[in-house]
Amino acid sequence: MGKAGGDSAALINEQGLRLDGRRIDELRPIRIEVGILRNADGSAYIQFGKNKIMAAVYGPKEVHPKHSALPDKSVLRCRYHMSPFSTEERKNPAPSRREIEISKVIREALEPALMLEDYPRTAIDVFVEVLQSDGGSRCAGISAASVALADAGINMRDLVSACAAGKVAGQIVMDVDDTEDKEGQADLPIAIMPMSSQVTLLQLDGQLNDEEFHKAFNFALDGCRRVYQLQREALIGKYFGNNGGNSDGGL
Amino acid sequence: MAKQEENSSNDSQKIQRRHVLPGDCLAAQEEFEAGAGAVIYGGNVVASRVGEVSPDMAARTMTVKPSRQDLAKLPETGDYIVGTVQSAASSIAQVKIEAINDIPSSKELSGMLSMRDDRRRRSSSPIKPGDVIRAKVISTTNAIYHLSLDDSHCGVLYTVCSFCGGRVVALGHGAVKCAECGMADDRMLSEDFIQYSRSVR
């Protein structure tokens, strides 16, 4: 479904502030917690503005059915799911086409960072459960899932951080929320491996010209780097205490 | 030269205290090799898990000690596992692995126990489905955990009578007798079978 791109002038006021009072280059408030589910091997909870998302990782473990096991690496399985109470109107809990697609893109965004070859003939399950949604839940889900994978002790080449940029009322903005996503003209979610500067997810819904695309990409990249710092702080806080780590992951 | 050595020592201490996250650069590929918990990526040795850097300056190897010891651990050659026998034939059995080196594992992995090296002639399998055994991982070829009982620590830790399900007592190392129906059966018992059987009772 393309962007409506209707009457969106009111989405940014004369002072350049958006509906929720943010500037165009400002992220929503983000909070990440690590290891909050006792029964999962790794878990994380993220609040990304009004998004509330839980990510849980199980594995590496035996694959069922066994014929789906790979002899040389682990099978990564992701499930993105929106709870029935996560939206304004009750959502059918059965997996929708959109959820199946997002599950796939989350898997593809995480896979390059994981050293799946270290766990042959096993499966790693990643569950991303959206408890409350407000636009940008796939990016928040990827960021939470990446932290949960690190918490589970899965060998990784890098963390994965995600953020979106978009075009709202003719302007490129960072981190679009639900209203901006629906009323705006474009949405560009990206995920990166920050330390190695590699893009693992890039989607574009809507139309942007070359200049707008570059500006939106750089906005999203900047957002990813800020999310990465929060991911680091969350992991360091959990494992080493607030003063225990010498966070040198500056970008 | 002395100053150079002092700087090297300081660098080493600085590295030793570092806590790292996946993706953190530990050293250049030309200077160090990647040990456990590290990987060569993009020309650098980078951490692959959350932990503490432990450089071996003599072997020029960077390793990362994991912050959580119990996670993402798969059996390796030389490890001892405890598991339940799922199915057993005269020379081969499938074992569900429930602990690796006495650390409980919920990964539901299975191993293949081969008893071909057992030269004692037996009329039936020395283990039965449902037995709890300790075995040694002798190979992980093709990511299949090949197990063996050829070790004094290995063998059956807990079993019941295969006829009536009653409690059994050991008759030496290689047989058990049911305390209820009196049936004798072959079992390759572990040296601490009696201790384990008592703890289960």
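Residues numbered from 1 in each chain as written. Chains lettered and ligands numbered in written order. Predicted model: local features only at pLDDT ≥ 70, side-chain atom pairs only at ≥ 80, totals over all residues. Heavy atoms only, no water.

## Details of the overall build of chain A
Then, in step 1: In terms of regular secondary structure, chain A is built from 4 helices and 10 strands.
Then, in step 2: Moving toward the C terminus, one meets the helices and strands of chain A in the order β-β-β-β-α-β-α-β-β-α-β-β-β-α.
Then, in step 3: What you see for chain A is a C-alpha radius of gyration of 18 Å, in line with the 18 Å of a compact globule of 251 residues.
Then, in step 4: Along the first, second and third principal axes, the C-alpha set of chain A runs to 55 × 45 × 35 Å.
Then, in step 5: Here chain A holds 251 residues, and the buried ones make up 55% of them.
Then, in step 6: Relative to all contacts within chain A whose residues are 6 or more apart in sequence, the contacts with residues 24 or more apart total 67%. (Helix = DSSP H or I, 4+ residues; strand = E, 2+ residues; numbered from the N terminus. Rg over C-alpha atoms; globule rule 2.2 N^0.38 Å. Buried < 20%, exposed > 50% of the residue type's maximum accessible area, 1.4 Å probe, protein only. Contact = heavy atoms within 4.5 Å.)

## Looking at the side chain of Glu212 of chain A
Residues and elements named next belong to chain A.
Then, in step 1: In this structure, Glu212 sits in helix α4 (residues 210-240).
Then, in step 2: For Glu212, a relative accessible area of 18% corresponds to the buried category.
Then, in step 3: When residues no more than four places from it in sequence are discounted, the contact partners of Glu212 are Lys167, Ile172 and Gln207.

## Examining unusual backbone geometry
With the exception of glycine, the majority of residues adopt a negative phi angle, and the majority of peptide bonds are in the trans configuration.
Residues and elements named next belong to chain A.
Then, in step 1: Residue Gly59 is joined to Pro60 through a cis peptide bond whose omega torsion reads 5°.
Then, in step 2: Here Pro60 is to be found in strand β3 (residues 51-62).
Then, in step 3: Between His64 and the following residue, Pro65, the backbone shows a cis peptide bond with an omega angle of 0°.
Then, in step 4: One non-glycine residue with positive phi stands out, namely Asp175, at about 55°.
Then, in step 5: Mapped onto the fold, Asp175 is located in the loop between β7 (171-174) and α3 (178-183).
Then, in step 6: A relative accessible area of 2% means that Asp175 is categorised as buried.

## Focus on the nonpolar core
Then, in step 1: With 107 residues, the main nonpolar core has Leu110, Val126, Ile142 and Leu149 of chain A together with Leu113, Ile127 and Ile133 of chain B as its most contacted residues.
Then, in step 2: The leading source of residues in this core is α4 of chain A, at 13 residues.
Then, in step 3: Taken together, domain 1 (2-65) and domain 2 (69-201) of chain B each give at least three residues to this core, which thus spans both.
Then, in step 4: Sequence-distant contacts of Ile133 of chain B, defined by excluding residues within four places in its chain, comprise Ile81, Val82, Gly83, Val85, Val95, Leu113, Ile127, Leu149, Gly155, Val156 and Leu157 of chain B.
Then, in step 5: Core analysis: the next-biggest nonpolar cluster, separate from the first, contains 10 residues, Val20, Phe32, Ala47 and Val64 of chain B among them. (Core = buried A, V, L, I, M, F, W, Y, C linked by side-chain atoms within 4.5 Å. Domains from an automatic or database assignment.)

## Focus on the side chain of Glu129 of chain A
Residues and elements named next belong to chain A.
Then, in step 1: On the secondary structure map, Glu129 appears in strand β5 (residues 122-132).
Then, in step 2: A polar contact is formed between the side chain of Glu129 and the side chain of His81, at a distance of 2.8 Å.
Then, in step 3: Sequence-distant contacts of Glu129, defined by excluding residues within four places in its chain, comprise Lys52, Ile53, Met54, Arg79, His81, Met82 and Ser83. (Polar contact = N/O pair within 3.5 Å; in protein donor to acceptor, adjacent residues only side chain to side chain.)

## Quick look at the interface of chain A and chain B
Accessible area lost during the coming together of the parts is what is often quoted as the interface size.
Then, in step 1: Contacts between the two partners involve 39 residues from chain A and, on the opposite side, 29 residues from chain B.
Then, in step 2: The largest contributions to the chain A side of the interface with chain B come from Glu62, Arg157 and Phe240 of chain A, which together make up 20% of the buried area.
Then, in step 3: Between chain A and chain B we count 1 salt bridge in total.
Then, in step 4: Here Asp24 of chain B ties to Arg232 of chain A by a salt bridge, and the two come within 2.7 Å at their closest N and O atoms.
Then, in step 5: The interface formed by chain A and chain B holds 8 residue pairs in polar contact (both at pLDDT 80 or more) in total.
Then, in step 6: When contributions to the side of chain A that touches chain B are tallied by element, the ones reaching two or more residues are β3, α2 (137-151) and α4 of chain A.
Then, in step 7: Considering every element that reaches the side of chain A that touches chain B, the biggest residue donor is α4 of chain A, with 7 residues.
Then, in step 8: Broken down by class, the residue content of the side of chain A that touches chain B amounts to 17 nonpolar, 10 polar and 12 charged. (Buried area = accessible area lost by both parts, 1.4 Å probe. Salt bridge = Lys/Arg side-chain N within 4 Å of Asp/Glu carboxyl O. Nonpolar A, V, L, I, M, F, W, Y, C, P; charged D, E, K, R; others polar.)

## Some thoughts on the sheet that holds strand β2 (residues 42-48) of chain A
Residue and element names in this part refer to chain A.
Then, in step 1: Reading across from one edge, β1-β2-β3-β5-β4 is the order of the 5 strands in this open sheet, with mixed pairing throughout. Unpaired on one side and paired on the other, β1 (30-34) and β4 (75-82) mark the two borders of the sheet. Strand-to-strand twist of the sheet, defined as the mean angle between neighbouring strand axes without regard to direction, takes the value 15°.
Then, in step 2: In the sheet, β1 pairs with β2 via 5 bridges, with the strands oriented antiparallel. Each bridged residue has a counterpart across the sheet, and for Glu33 the counterpart in β2 is Tyr45.
Then, in step 3: Contacts from helix α1 (residues 97-110) reach β4 and β5, with the element oriented near 140° to β4.
Then, in step 4: In the packing of α4 onto the sheet, the strands contacted are β1 and β2, and the crossing angle to β1 comes to about 35°. (Pairing = 2+ DSSP bridges. Axes fitted to C-alpha atoms, helices over the stretch in contact; angles between N-to-C directions.)

## Details of the confidence of the model for chain B
Then, in step 1: Per-residue confidence for chain B averages 83 on the pLDDT scale, and 84% of its residues sit at or above 70.
Then, in step 2: Complex prediction metrics read pTM 0.87 and ipTM 0.89. (pLDDT = per-residue confidence, 0-100.)

## Details of the pattern of salt bridges
Residue and element names in this part refer to chain A.
Then, in step 1: Per the stated rule, a full pass over the model turns up 29 salt bridges over all chains.
Then, in step 2: The partner of Arg23 in a salt bridge is Glu26, and the shortest N-O contact between them spans 3.6 Å.
Then, in step 3: With a relative accessible area of 46%, Arg23 lands in the partly exposed category.
Then, in step 4: Between Lys91 and Glu99 there is a salt bridge, with the nearest N and O atoms lying 3.0 Å from each other. Accessibility classification places Lys91 together with Glu99 in one group, the buried group.
Then, in step 5: It is possible to trace a salt-bridge network through shared partners that takes in Arg18, Asp20, Arg22, Arg28, Asp134, Asp175 and Glu180.

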